[in-house]
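Breakdown of the fold
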Amino acid sequence: MPTSVYQMKDPIQSLNNAKDLMVNALSKLKSDDLRDTVTIEIACEKLAAFDLGCQGTEESSKIFRTLHNNGCNDLPAVYWFEIISEHSAQQIREQYSVLKESIGTRTIPSFNKRYDKTSKILYVGKGKQNISGRMFLHLGYEKQKINLQGLQLCHWDYSGVLKGLTLRLNIVYFPKDFREIVPYFERSLAKDILPLIGRHL
C-alpha cells in the first residue's frame with residue numbers, strides 16, 4: 001500500500017492569500033460599518049448563582065436577551081469589559097488572584113503583565129460569531145466545556161472588597177467578511193487600552 005507523501009503548501013503563497021483576504025475585507029469597510037454597537041451595564045453581585053443558570057435573575061437574563069435580539073449575533077465582534085464602579089486595578093487583581101486559586105478546573109485568563117495601574121479596562125476579547133456564547137463563558141454558566149477560557153464572573157466573591165462591582169460590556173460588531181481578521185483589531189485595541197486581564201501577543 002503506497003505511503004502518502006506530505007506536500008507542504010507554499011508559505012509565500014499562504015501569506016499572500018492571507019494578505020489578499022485582509023485587503024479585500026478592508027476595501028469593503030465603510031466609515032459607518034462600526035456603528036453596530038451594544039453597551040450593557042452589569043451589576044455583578046446581582047448575577048444569578050451558577051446553579052440557577054443564566055436566566056436565574058433579571059440581571060443575568062437581560063444580557064442574553066439583548067445579545068440574542070439585536071440581530072448581530074452571527075457577526076464577528078470585538079468587545080471589552082470596563083470597570084465603572086470605584087474599584088481600583090489593584091483591588092481587582094488581588095481578588096482575581098484569590099479566584100485563580102479557588103476556581104478549580106474552570107479556565108480563566110492570565111494577568112496582563114503590561115497592564116496600566118490606573119486602567120479601568122478589565123478585559124478585551126473577540127469572537128468570530130456567536131458573541132452570546134462567549135458571554136455565556138465569561139459570565140461562568142457553562143456546565144460542560146469548562147476548559148474553555150472565560151472570566152467566570154458568577155463565580156467571583158462580591159461579598160467583600162468587590163461588593164458593588166459594576167462593569168460595562170461594550171461590543172463593536174464587524175461585517176461578516178472580517179471573521180478571519182478580527183483578531184488583529186482585538187490585539188490592536190488591547191495594545192492601546194492595556195486591560196488588567198488577558199494576554200494579547
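Higher on the page you've got the structure.
The paragraphs below set out a description of the structure included in this document. Just so it is clear, the structure is predicted and the values come from calculations on it, not from any experiment. (Residues numbered from 1 in each chain as written. Predicted model: local features only at pLDDT ≥ 70, side-chain atom pairs only at ≥ 80, totals over all residues. Heavy atoms only, no water.)

Remarks on the packing of helix α2 (residues 58-69) against helix α4 (residues 131-139)
Here α2 crosses α4 at 165 degrees, and the two axes come no closer than 9 Å. Judged by the angle between their axes, α2 and α4 are roughly antiparallel. Viewed along their axes, α2 and α4 form a crossing whose handedness is right-handed. Across the interface between the two elements, Ile63, Phe64, Leu67 and His68 from α2 touch Ile131, Ser132, Met135, Phe136 and Leu139 from α4. Split by residue class, the contact of α2 with α4 holds seven nonpolar, two polar and no charged. (Axes fitted to C-alpha atoms, helices over the stretch in contact; angles between N-to-C directions. Helix = DSSP H or I, 4+ residues; strand = E, 2+ residues; numbered from the N terminus. Parallel < 35°, antiparallel > 145°, perpendicular 65-115°, else oblique. Left-handed = near helix turned anticlockwise from the far one by under 90°. Contact = heavy atoms within 4.5 Å. Nonpolar A, V, L, I, M, F, W, Y, C, P; charged D, E, K, R; others polar.)

A few points about the sheet that holds strand β2 (residues 77-83)
An order of β1-β4-β2-β3 is seen for the four strands of this open sheet, with the pairing classed as antiparallel. In this open sheet, the two edge strands, each paired with only one partner strand, are β1 (37-43) and β3 (121-127). The sheet shows a mean angle of 15 degrees between the axes of neighbouring strands, direction not considered. Strand direction decides the pairing type here: β2 and strand β4 (residues 166-173), joined by seven bridges, are antiparallel. Paired with tryptophan 80 across the two strands is asparagine 170, which belongs to β4. The strands that α2 touches are β1 and β4; relative to β1, the one it contacts most, it runs at about 175 degrees. Contacts between α4 and the sheet are confined to β2, β3 and β4, with β2 contributing the most and set at about 35 degrees to the helix. (Pairing = 2+ DSSP bridges.)

A look at the pattern of salt bridges
Enumeration according to the criterion identifies eight salt bridges in this entry. The salt bridge involving lysine 62 is made with glutamate 59; its shortest N-O contact spans 3.1 Å. Remark: glutamate 59 and lysine 62 occur in helix α2; sequence separation between them is three residues, near one turn of the helix. Using a relative accessible area of 13% as the deciding quantity, one classes glutamate 59 as buried. Glutamate 180 is the salt-bridge partner of lysine 128, the closest N and O atoms lying 3.2 Å from each other. With lysine 128 in the loop between β3 and α4 and glutamate 180 in the loop between β4 and α5 (182-193), this residue pair connects regions lying 52 residues apart in the sequence. We classify lysine 128 as partly exposed; its relative accessible area is 38%. Through salt bridges with shared partners, one network takes in Glu41, Glu82 and Arg168. (Salt bridge = Lys/Arg side-chain N within 4 Å of Asp/Glu carboxyl O. Buried < 20%, exposed > 50% of the residue type's maximum accessible area, 1.4 Å probe, protein only.)

So, the packing of aromatic side chains
Taken as a whole, this structure holds ten aromatic pairs when the rule is applied. Pairing tryptophan 156 with tyrosine 158 gives two aromatic rings, centres 6.5 Å apart and planes at 20 degrees, and the pair type is stacked. Side by side, tryptophan 156 and tyrosine 158 carry an identical accessibility label, which is buried. By the ring-pair criterion, three or more aromatic residues cluster together here, those being Tyr96, Phe111, Trp156 and Tyr158. The cationic tip of arginine 93 hangs over the ring face of phenylalanine 111; the distance from NZ or CZ to the ring centre is 4.2 Å. (Phe/Tyr/Trp six-rings, centres within 6.5 Å; stacked < 30°, edge-to-face > 60°. Lys NZ or Arg CZ within 6 Å of the ring centre and 35° of its normal.)

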